[in-house]
Amino acid sequence: MISIELKYITLACVLAATVTAGSHCHNDYYQLKSVSQAQEECARYRGIPCARLAVYNKYIYPNDTQTQCMVRCMGLNLGWWNDTHGVQEPAMRSFFHPDPDDCDYERRTYHCLNSQRLNHPSPHVDVCERAYESFRCYYEQYGNIVVTPQFVPLSDLQQVDVLLQCANMLPLTVGRSCAGGSKPSKRDVDCLARCFLLRSGLYSEQHGPHLDRLYVQCNNYANETRFRETTGTCYRRLKSECQDECVLAGRFLRECFYEGGISIVNSLPASEASVESAGSLGSGQGSAELGESHQEKVLQTWKDLYDRENLQDLWDRQEL
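Here is what the cut-offs are and how they apply
Residues numbered from 1 in each chain as written. Predicted model: local features only at pLDDT ≥ 70, side-chain atom pairs only at ≥ 80, totals over all residues. Heavy atoms only, no water. Axes fitted to C-alpha atoms, helices over the stretch in contact; angles between N-to-C directions. Helix = DSSP H or I, 4+ residues; strand = E, 2+ residues; numbered from the N terminus. Parallel < 35°, antiparallel > 145°, perpendicular 65-115°, else oblique. Left-handed = near helix turned anticlockwise from the far one by under 90°. Contact = heavy atoms within 4.5 Å. Nonpolar A, V, L, I, M, F, W, Y, C, P; charged D, E, K, R; others polar. Phe/Tyr/Trp six-rings, centres within 6.5 Å; stacked < 30°, edge-to-face > 60°. Buried < 20%, exposed > 50% of the residue type's maximum accessible area, 1.4 Å probe, protein only. pLDDT = per-residue confidence, 0-100. Salt bridge = Lys/Arg side-chain N within 4 Å of Asp/Glu carboxyl O. Disulfide = S-S within 2.5 Å.

### Looking at the packing of helix H2 (residues 35-46) against helix H4 (residues 65-78)
Move 1: At their nearest, the axes of H2 and H4 sit 9 Å apart, and the two run at 120 degrees to each other. By the angle between their axes, H2 is oblique relative to H4. Our pair here, H2 against H4, has a crossing hand that is right-handed. Facing H2, whose interface residues are Val35, Ala38, Gln39, Glu41, Cys42, Tyr45 and Arg46, H4 presents Cys69, Met70, Cys73, Met74, Asn77 and Leu78.
Move 2: In terms of residue class, the contact of H2 with H4 is built from nine nonpolar, two polar and two charged.

### A word on the packing of helix H11 (residues 224-241) against helix H12 (residues 245-255)
Move 1: Here H11 crosses H12 at 150 degrees, and the two axes come no closer than 10 Å. For the element pair H11 / H12, the angle class is roughly antiparallel. Where H11 crosses over H12, the two elements pack in a sense that is right-handed. Of the residues in H12, those in contact with Thr231, Cys234, Tyr235, Arg237, Leu238, Lys239 and Glu241 of H11 are Glu245, Leu248, Arg251, Phe252 and Glu255.
Move 2: Split by residue class, the contact of H11 with H12 holds five nonpolar, one polar and six charged.

### What about the packing of aromatic side chains?
Move 1: Applying the stated criterion to the full structure yields 17 aromatic pairs.
Move 2: An angle of 80 degrees between the planes, with centres 5.2 Å apart, marks the rings of Tyr61 and Phe135 as edge-to-face. Taken together, the positions of Tyr61 in the loop between helix H3 (50-56) and H4 and Phe135 in helix H7 (residues 127-142) put the pair 74 residues apart, joining distant regions of the chain.
Move 3: Assessed through its relative accessible area of 1%, Phe135 is described here as buried.
Move 4: On the basis of an interplanar angle of 35 degrees and a centroid distance of 6.1 Å, the ring pair of Phe96 and Tyr138 is categorised as tilted. In this pair, Phe96 is assigned in strand E4 (residues 96-97) and Tyr138 in helix H7, connecting sequence segments 42 residues apart. You'll find Phe96 and Tyr138 in the same group, each marked buried.
Move 5: Joined through ring pairs, the aromatic side chains of Tyr56, Tyr61, Trp80, Phe96, Tyr105, Phe135, Tyr138, Tyr139 and Tyr142 make up one cluster.

### Overview of the environment of Leu253
Move 1: Considering the arrangement of structural elements, one finds Leu253 in helix H12.
Move 2: For Leu253, a relative accessible area of 10% puts it in the buried group.
Move 3: Note: C-alpha distance between Leu253 and Leu197 (56 residues apart in sequence) is 8.8 Å.

### Some remarks on the confidence of the model for the protein
Move 1: Averaged over the protein, the pLDDT score is 79; the fraction of residues at 70 or greater is 71%.
Move 2: This model gives residues 175-180 a pLDDT under 50, and the stretch forms six contacts once residues within four places in sequence are excluded.
Move 3: Note that pLDDT drops below 50 for residues 270-288; the model gives that stretch 40 contacts with residues more than four away or on any other chain.

### Re the pattern of salt bridges
Move 1: Under the definition given, this model contains 16 salt bridges.
Move 2: Where Arg136 meets Glu133, a salt bridge forms, and the shortest distance between an N and an O atom there is 2.7 Å. Pair noted here: Arg136 and Glu133 are both in helix H7, with a separation of three residues, about one helical turn. For the pair Arg136 and Glu133, one class covers both residues: buried.
Move 3: One salt bridge in this structure joins Asp190 and Arg254, with 2.7 Å as the shortest N-O distance. In this pair, Asp190 is assigned in helix H9 (residues 186-199) and Arg254 in helix H12, connecting sequence segments 64 residues apart.

### Focus: the state of the cysteines
Move 1: This structure, assessed with the given rule, holds six disulfides.
Move 2: Across the disulfide, Cys69 is cross-linked to Cys128 (sulfur-sulfur distance 2.3 Å). Taking the sign of the torsion about the S-S bond as the criterion, the disulfide between Cys69 and Cys128, at about 105 degrees, is right-handed. Residue Cys69 is located in helix H4, and its partner Cys128 is located in helix H7; the two are separated by 59 residues in the primary sequence. Across this residue pair, the class does not change: Cys69 and Cys128 are buried.
Move 3: Bridging Cys166 to Cys195, the disulfide has an S-S length of 2.1 Å. The sign of the S-S torsion, about -80 degrees, decides the handedness of the disulfide formed by Cys166 and Cys195: left-handed. Here Cys166 is found in helix H8 (residues 156-169), whereas its partner Cys195 is found in helix H9, with 29 residues between them in sequence.
Move 4: Its relative accessible area of 14% is what places Cys195 among the buried residues.

The structure is reproduced here in structure tokens:
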């Protein structure tokens, strides 16, 4: 099989530096990362020689085992690959820029994936080969590599850790009541939602939701244009109704994702052991300082308010 040819767009390096620095300005949890950064990290982790890394840095990917496994590592690093489910399409697409005059790039890409059954779980095929061939379909059919850093979606455990860190930083009263652990007020949880969105890089105080990042993080909306339109319209409606920033963020998270929202709800730990493991992630500060019973009550309260099935029931009763 032919090697993947050199193919990329050149953008200003100062923009890349500015965007990367922006993610660290407020010391939030999320990452912006480029393909070349992920390649360099994976080359270091896997002990790949500098001469071979120089080839990758020219966006040339020979079809050999070493390269295939580097591409898989890069995909895991950037959040566009999952060994069980394969390509995470919203994340993958964010690292490619189609030619504006090309009207057929999506059809060609999906034909490439379908022809090799790369869009179906295939436990009997080598994961490095599947990741490489999937990347090749996008590289050869979808567009040019975007060289600037892009948003890396948070894993389920990272999202839970952000939530628990926010619970520790905010003045929630959960588990501290003399009456025996009453749950926090709805506004308390709305403030928790706002902190979660801000710390995850999915929302800003100046501009509201980052729709491009939310699309990548949600990973379950097929039509990006429709997602942007419906979610953006929903936010603007809420902003005209809400003066309180916490209430605005909480209602946005509850009311603007009917077709499938952020995966945090479905990934909440169900046991003390999983809560403890989530609390030990991240910076080593914040979430781990919460007691286990406190963590469980925070997570259960969050799940009660943001579980989509529960929300649909509330909607049917017109309580939202």
